[in-house]
Every structure is written in C-alpha cells, then in structure tokens.
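# Structural description and commentary
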Amino acid sequence: MGGGGVLTCIPGGGGPSVASLWTEVNRCGQNGDYTRALKALSKILQETRDDVTALHCKVVCLVQSGSFKEALNAMNTHSKVLGSDVVFEKAYCEYRLNRVESSLKTIESAPEQTDKLKELYGQVLYRMERYSECRSVYTDLIRNSQDEYEEERKTNLAAVVAAMSQWEQTPMEDLGLSEVTYELCYNAACALIGQGQLTEALSKLQQEKCSSRESFQDMTEEDVESELAVIHSQMAYVMQLQGRTEEALQLYNQVIKLKPSDVGLLAVTANNIITINKDQNVFDSKRKVKLTSAEGVEYKLAKKQLQAIDFNKALLAMYTNQADQCRKLSSSLQSQNPSHPLPVLIQAAQLCREKQHGRAIELLQHFLDQNPESASAIKLTMAQLYLVQGHVTKACDVLRSIEEYQHKAGMVSALVTMYSHEEDIDGAIDVFKQAIEYYQAEQPGSAAHLALVREAANFKLKHGRKKEAVSDLEQLWKQNTKDVYTLAQLISAYSLVDTEKAKAFSKHLPSADAMSFNVDVDELENSHGATYVRKKAAKVVGENLPTEPGQAEVKKKKKKKRGKLPKNYDPKATPDPERWLPMRERSYYRGRKKGKKKEQVGKGTQGATGGALADLDASKVASSPPTSPRPSSGSTAAPSAGVVPPRQQKPSSSGGTRKKQASKKKKGGKGGWS
C-alpha cells in the first residue's frame, strides 16, 4: 500500500509569488520530488498559515518521504483546520509507526469507510492477528471492487488464510485463488504446512523456486539467491519437520550467509538453527541468538513466533549452564504467559540439573493447582521425576489421574510394567479392568478392546490368577470360536478351577484327525524360512541300482596325520615304558642334588673356587665327549622317542648366566631327563 494520496494543486489566495509556488508544488508532485515540494509548501504556509490544501499537501509529502512522525505531528497540530480530511493519512502514519491500536480507533472513528480505509483496516486487523475479521474485510473488498489492485487484495487474502492455518489450525477453504504469482504460490504452501501436508507444501515450494529462477534471468546469481532466501528458509523448515535435519541445516546456513535485509527472516532462520543444535554446538547457538534480538523483529513476526524465540532463549541459557539467566528469562515468560506450561517446565528442568528434584515437583504441583487445564504435560513430568527419585507408586498414582490418557494402550502398558516392578499384581489387574470397561462401553469388540482382554488374560495366567483369567478367556473365545489357542488356554484354566466346565469346553476341541497335518519334514527344513536347520544330505528316491557281482563298495578312509618326531629319534632304540609318567614317579628317579652349587658360590675370585677352576676350563671340557646318563637298574637303555634328551650345559664365568641355565633346567625337569 502506498502513502497518503496524490498531490493536487489548488492555488489559494495571494500574489503571483504564491501562484508560482503552487506551480512548483504541482510539478514536483508529478516528478516525485517531495523534498522540493515541501520547501515550496512551507513558503506558501508562511503567507497563508491555515490553508487547508497546503496543509493537506504537506502531510502527503511527509508521508511519501517516510517522515511519519512529522506528518502525525502536523496533523495533530492543525487538527481543527484539517478535520476529517486526513483520517486516512493519520491512520496510515499510526500504522507505520506500529501504533496499531491507535490506528484502529482512528479508522473506526471515520465518518465514511472508503475503499482505501477498508484496505488499511484489513492490514491493521492482520497485524493484530484478528484473522477472521481480516478475511471478511478482504473478501468483501474483492467482491465489490473493480480496479488494478485486485491481485494485491487476493495476495493479502491468501496470507490471511495461511496465517489462520498455521497459528489457529483452521481448516483450509477453497476461495478460488489462482496461484499465478510468486506471493500467491508461497502463501498456498504456507497454508499446506499449517495443515500438516508437508510433502505437498515442499513440492509447491520447489515448483515456485524453479519458476522464480526463470523470471530472474536478468539478475545476478547473488541477487537471485537473495530473492529466493525466503523460499529456501521455508523449505528448510518443512525438511526439519520431516526429520531431515542435515539438509535443513544446510539451507538455513545458506540463508544466514546471504545476510538478507529482512530482520524477520533472519530471526526465524536463526531460531530454527538453535532448535536443531539443542544442547550441542552451543557456541554456534549463542552467536545465532543475537540475530533474534535485532531491532524491529517484534513488528515482523507473529506473537507465537516471538514466544517460541523467547522460550528457546531460556532453554539455551539452561544448556549453557547460565542458571540465573535461565531463571530470569523463564520467570519473565511466566509473567507474560501465566497459563502456559512451558516456562514452568523450563524452571523445573533447571532445578533437576541442580539435583533439586523435590523443589521441581513442588513447583509443578503449585502450577497444576492454579492451572488444571494444563494437567497432562505437567503430570507426565511429575511422574518422570517421581521415577527418578524411585517413588514408583507415586508415579503410578499421578499417571492414573490423567483422564485424557488413562485408557490409552501406552499408558496401560506403562502402568502394568511399573506395578509389576513393585510386585503389586492387584494394582496392575485393576488397570486392565478399568481400561477393558472403558472400551466395553465405548468401542465394544474393537481390535483395541480384544487386545486388552487378551493381554489381561495372559497377565493373570502368568501370575497364577487362573480363576480371574477364565472370564477374559471365555469372552475372547466367544468372539472367535475357531480360535483353538484361546480354547486350550480356557480349558487349562478351568481344569484347575472347575473340572466340569473344562470337560464341557474340551468337547469343542477339534478331533485328532482334523488336527493332523501331512507335513513333509524334509521340505519344511529346506524351506526359505528355516535358516537355522542343519540340512541333511539329499536322499535318492527310488530302487537301488544293481551292482555287478564281485564289485565291493569302496569306503573312503580318512588319512591320519603322522605326528612329528624329535630330531634325535632313534628308531632302533627301545622306547622307555615309563615315558608317560611324570619324572618324579619314574622308578629310576633319584631326586635333585641340593646344596652343591651353594658351596661354590662366593669363594675365590669372582665367585670361583680354586678347586673348581679345572672343571670350568673350557679347553679341558671340550676334549672329552659328553656322556649319556646311565639308567638305573631295572630300566631299559636309551631315552624313548618323543622325549627330548638333556642338553649339555656350557660353563660360564658370570653368575647371571648360571642362574639362567639353572632356570632352564628347572623348567625342563618336568618332563625329560634330569
């Protein structure tokens, strides 16, 4: 919508100089030079201070120049002279100065509702998020107007429908708006997002992106990307909702790098990046959060968008361990939104991070007493905190008090699990009973109802409550009398409770002939599903082939691997019959000689004695060949095969080598000769 109208030249009283000034004003107005027109009007007003036409033209020039405050001051100063002639200009200036309440009052006080006032009225209602009234205004304008602004009105109407779909979850209506322009197509995609039709919305945005590129062929690539930034940001939002966070983050960062002039677009993009980061990459989130606080953001976004940004600021303060900042922001949010549960949940989360679970529960209980309409989210959080503290029974009591989820399958499963953990079988059975009674009244015979009955029966049978399980099993069997499995369970339960009824129900069992099946075991094992069955060799079906007389079967014999023999093995020698016995248990074992080496250590030079020098002379030792040990009487001669003979120890002058040799001898003494 443009400024406050078109300049008109109506010369007032005065000399020829005033007439020439009016000519100058007219010429500047046609050329759009409103600054020079203001100079000429100021000279005219010096001559005729209360000239209505001059004052009106001055207001229009100030509006066209963007000087809304000066224009509003001029109208307020000369309100008696101007009267209702400048109602539209005054309301427009108030709207541009974000004084929407004052603008609404000015429009409603106008003596006549012209088309341009109705246009402005629709803009004000949209800014105030009164979408239903705004839609009525634009629908009436489109129906009763015939001018060149019809396409703009349709665009505004499409924006209203999209806002209603996103922020109020209002079902879409087919208003017959053709998507011939970029704005109409974009608004249609936003409306689809509000309805949860994400795939269709993304397809429409991609289609609009391609068509926009074709229309921007004369622009540079940088300018094209700047024009497409809003489409990329919205596409990333859809991808984020679809769980494609990596692709969404890439598009978001692409938009941020372009640094678009739209502070609202930057704020929304930065906020969505923060939601992807969560408690990770907090330093990047701290940089991005500054973009959400730019000047003028509050006038570009809806209240729910601003609220979401403030909530994320508090959560970011919690993730960055800024406890005081988190408490300050969440308290401010709670004062602004006293019935919203999220600020209290943030405060409770901060207390939990400080290991103050008791205070967190008290805070949630206090909010719950004041706002019972928010019971579901608060009670679920309280139950979780009770479980953290180990109070399972209290958690069960809180969960059972949530009427909204009391009969849901997930809630029943959670309660039964917790009661079973506490060994409160009666409590678990009571949960089943209430859920079955609810479905019996609301959805009798439904899949959910029968599933609950079966689970209740199995639970009772598992815990030995056969008498209580009988009624459930009988109810299940009546729903499907061909269910042999349920019938078998019923007979088994009745056999311990009422044998007569067990006999009566056993008559409904199918006969043995009816239950027998012609099953080919080999085919079953070779089937596709039998993956863990050890397959047997295929059998040859038919008669044995005749064999020629004298032809014998040749069986394959498995070759035995010969063991390795010792290097000094003598095949002519008789092996030792006691070779399998430990050395200590053999008949010729005489024990180890002790104390002989100890006497020689420490005597003489470097631990050698005079009498031992001859024994340690290597030249003398080498001259005589090593002798083999003699077996004692009653034993056979040479060592047997497979037993390693003893090694000849070479003398050394160092004590360390002697110790090493002794350790080797000790190690080898377990099996061979010593």
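Scroll up a little and you will see the structure.
Here, residues in each chain are numbered from 1, in the same order as that chain's written sequence. Two thresholds apply to this predicted model, a pLDDT of at least 70 for residue-level local features and 80 or more for giving and counting side-chain atom pairs, whereas whole-chain, interface and lining totals are computed over all residues. Excluded from the side-chain calculations are hydrogens and water; all other atoms, namely the structure's heavy atoms, are used.

### Things to note about the packing of aromatic side chains
Side-chain rings of Phe, Tyr and Trp (the six-membered ring for Trp) are treated as a pair once their centres are within 6.5 Å; stacked means planes under 30 degrees apart, edge-to-face means over 60, and tilted covers the remaining angles. One pass over the full model with this rule turns up five aromatic pairs. Ring geometry for Phe432 against Phe459: centres 5.8 Å apart, planes inclined by 50 degrees, an arrangement best described as tilted. Of this pair, Phe432 sits in helix α25 (residues 425-442) while Phe459 sits in helix α26 (residues 447-462); the two residues are 27 residues apart in sequence, bridging distant segments of the chain. For Phe432, a relative accessible area of 7% puts it in the buried group. Put simply, DSSP marks the helices as runs of H or I at least four residues long and the strands as runs of E at least two long, and each gets a number from the N terminus on. Accessibility here uses a 1.4 Å probe with only protein chains present; expressed as a share of the type maximum, an area under 20% marks a residue as buried, one over 50% as exposed, and anything in between as partly exposed.

### A few points about a negative patch on the surface
Nonpolar side chains (Val, Leu, Ile, Met, Phe, Trp, Tyr) within 5 Å and like charges within 9 Å form the patches, drawn only from residues with over 30% relative accessible area and no salt bridge. Values of accessible area rely on a 1.4 Å probe in the Shrake-Rupley scheme; residue burial ignores everything except the protein chains shown. Salt bridges, as used here, are contacts in which a Lys or Arg side-chain nitrogen is within 4 Å of a carboxyl oxygen on Asp or Glu. For the purpose of charge, His is not counted, nor are the chain termini; Lys and Arg are scored as positive and Asp and Glu as negative. To locate a charge, take atom NZ for lysine, CZ for arginine, CG for aspartate or CD for glutamate. The grouping of Glu148, Glu151, Glu152 and Glu183 at the surface amounts to a negative patch. Here Glu152 is to be found in helix α10 (residues 150-167). Residue Glu152 is classed as partly exposed on the basis of its relative accessible area of 46%.

### A word on helix α27 (residues 466-479)
Multiplying 1.5 Å by the helix residue count minus one yields the expected span of that helix. Between its first and last C-alpha, α27 extends 20 Å over 14 residues, near the 20 Å set by a 1.5 Å rise per residue. All buried positions along α27 are accounted for by Ala469, Val470, Asp472, Leu473, Leu476 and Trp477.

### Remarks on the packing of helix α4 (residues 68-77) against helix α6 (residues 87-96)
Think of each axis as a best-fit line through the C-alpha atoms, taken over the contacting stretch in the case of a helix, with angles from 0 to 180 degrees between the N-to-C directions. At a closest axis distance of 9 Å, the pairing of α4 and α6 adopts a crossing angle of 140 degrees. The angle between α4 and α6 falls in the class oblique. Judged by the sense of rotation from one axis to the other, the crossing of α4 with α6 is left-handed. Taken together, the residues of α6 that come into contact with α4 (itself represented by Phe68, Ala71, Leu72, Met75 and Asn76) are Glu89, Lys90, Tyr92, Cys93, Glu94 and Arg96. Classification convention: Asp, Glu, Lys, Arg as charged; Ala, Val, Leu, Ile, Met, Phe, Trp, Tyr, Cys, Pro as nonpolar; all other residues, Gly among them, as polar. A breakdown of the residues in the contact of α4 with α6 according to their chemical character gives six nonpolar, one polar and four charged. Each angle is binned into one of four classes, with values under 35 degrees roughly parallel, values over 145 roughly antiparallel, values of 65 to 115 roughly perpendicular, and all other values oblique. Definitions for this section: a left-handed crossing has its near helix turned counterclockwise from the far helix by less than a right angle. A right-handed crossing has that turn clockwise. We call two residues in contact whenever any of their non-hydrogen atoms come within 4.5 Å of each other.

### Examining empty space enclosed by the protein
Every definition here rests on a 1 Å grid over the protein atoms only: cavities are sets of points where a 1.4 Å probe fits but cannot get out, pockets are open sets enclosed by protein on both sides within 12 Å along at least five of seven lines, and lining residues have some atom within 4 Å of a point. Grid points are joined across faces, edges and corners, and a volume is the space filled by probe spheres set on the points. Scanning the model with the defined rule gives three cavities of 30 Å³ or more in all. Tallied by class, residues from the lining of the largest cavity come to five nonpolar, two polar and two charged. Taken as a whole, the second largest cavity encloses approximately 50 Å³ of empty space. Looking at the second largest cavity, the residues that line it are Arg400, Gln406, His407, Val412, Leu415, Val431, Gln434 and Ala435. Going through the elements one at a time, α24 (409-421) and α25 are the ones with two or more residues in the lining of the second largest cavity. Per element, the largest residue contribution to the lining of the second largest cavity is three residues, and it comes from α25.

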